[in-house]
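# Reading the structure
The chain contents come next:
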Amino acid sequence: MSFELQKLPYAYDALEPYIDAQTMEIHHDKHHAAYTNNLNAAITGSSLDGRTIEEILAIISAQPVAVRNNGGGFYNHNLFWDVMAPGGAKAPEGDLQKSIDHSFGSYQNFKEAFTKAALTRFGSGWAWLVKQGDSLVISSTPNQDNPLMDLAEVKGIPVLGVDVWEHAYYLKYQNRRPDYVDAFFNVVNWDEVARRFKG
Ligand code: MN
C-alpha cells in the first residue's frame, strides 16, 4: 500500500489574490508530490508499510529522518489544502468559537498569538492551532514536524496550520512573511477547522 497525493480541493487560482495560482501549482504538484513520493520510497518494504499516516507520526521518534520529514510533509500539506477555501473566510462559530474565546479570551487574541507563532518560527516550519481535550493551544514546529509526532514539544490534534516555508509565499510576497500570514486569514476554511475540532 502506498500513500496517494490528495487532489487539490479547488483550482490553483481559487485562493487569489491572497495566494497566487503559480505558488499553489508548484506547492502542490512539486513540493507535496515530492513529500508523498519520498514517503512511499522510505517506507516500502519496512514495518511501516500499510500503517496509517497518523500511526506513523505517533512513533516518529524511532523512525529514519526521511520518514519524519516526508511523512510530516505528506500529512501537513493534506491538512493545509483542506483548511483553506475560496470565497473568503467566515468567522469561527459554535463550539469552536467558544473554545477559542475560552482558550485565548477572544478571536482577536487568538489571531495575534497564531500570527506571532508563525512569524517567530525561525527558518522553515509551521504554526498550529492544536486541540488538547476541549481546549486549544498554539504552537509552532520546525521543518515538517507537527503536533501528532511523539517528539513534538506541544502534542495534540492539529485543527489549523499555516505553512511558513518560503516556498509557500516567496513568489508573491518575497521576504514578507507577515503579509502572507495576514492574507492567509482571508482564506481559512473555518467549517473544516470546526470539523477537525469536533473530531
Ligand atoms: Mn509547503
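For clarity, every value in this text was computed on a predicted model and none was experimentally measured. (Residues numbered from 1 in each chain as written. Predicted model: local features only at pLDDT ≥ 70, side-chain atom pairs only at ≥ 80, totals over all residues. Heavy atoms only, no water.)

### Description of the packing of aromatic side chains
In this structure the tally under the stated criterion is 16 aromatic pairs. Measuring from centroid to centroid gives 5.7 Å for Phe110 and Phe114, while their planes differ by 45°, and the two rings are tilted. Of this pair, Phe110 and Phe114 are both found in helix H5 (residues 107-120), 4 residues apart, which corresponds to roughly one turn of the helix. Like Phe110, the residue Phe114 is buried in the burial classification. Relative to Phe185, the ring of Phe114 has its centre 5.8 Å away and its plane inclined at 75°; by these criteria the two rings are edge-to-face. In this pair, Phe114 is assigned in helix H5 and Phe185 in the loop between helix H7 (177-184) and helix H8 (190-198), connecting sequence segments 71 residues apart. Comparing Phe114 with Phe185, the two get one shared label, buried. (Phe/Tyr/Trp six-rings, centres within 6.5 Å; stacked < 30°, edge-to-face > 60°. Helix = DSSP H or I, 4+ residues; strand = E, 2+ residues; numbered from the N terminus. Buried < 20%, exposed > 50% of the residue type's maximum accessible area, 1.4 Å probe, protein only.)

### Some thoughts on the packing of helix H1 (residues 21-43) against helix H3 (residues 65-82)
One way to put it is that H1 packs onto H3 with a least axis distance of 8 Å and a crossing angle of 140°. On the basis of the axis angle, H1 is oblique to H3. Two packed elements cross with a definite hand, and for H1 against H3 that hand is left-handed. Residues Met24, His27, His28, His32, Ala34, Tyr35, Thr36, Asn38, Leu39, Ala42 and Ile43 of H1 form the contact with H3, whose own contacting residues are Ala66, Val67, Asn69, Asn70, Gly71, Gly73, Phe74, His77, Asn78, Phe80 and Trp81. Tallied by class, residues from the contact of H1 with H3 come to 11 nonpolar, 11 polar and no charged. (Axes fitted to C-alpha atoms, helices over the stretch in contact; angles between N-to-C directions. Parallel < 35°, antiparallel > 145°, perpendicular 65-115°, else oblique. Left-handed = near helix turned anticlockwise from the far one by under 90°. Contact = heavy atoms within 4.5 Å. Nonpolar A, V, L, I, M, F, W, Y, C, P; charged D, E, K, R; others polar.)

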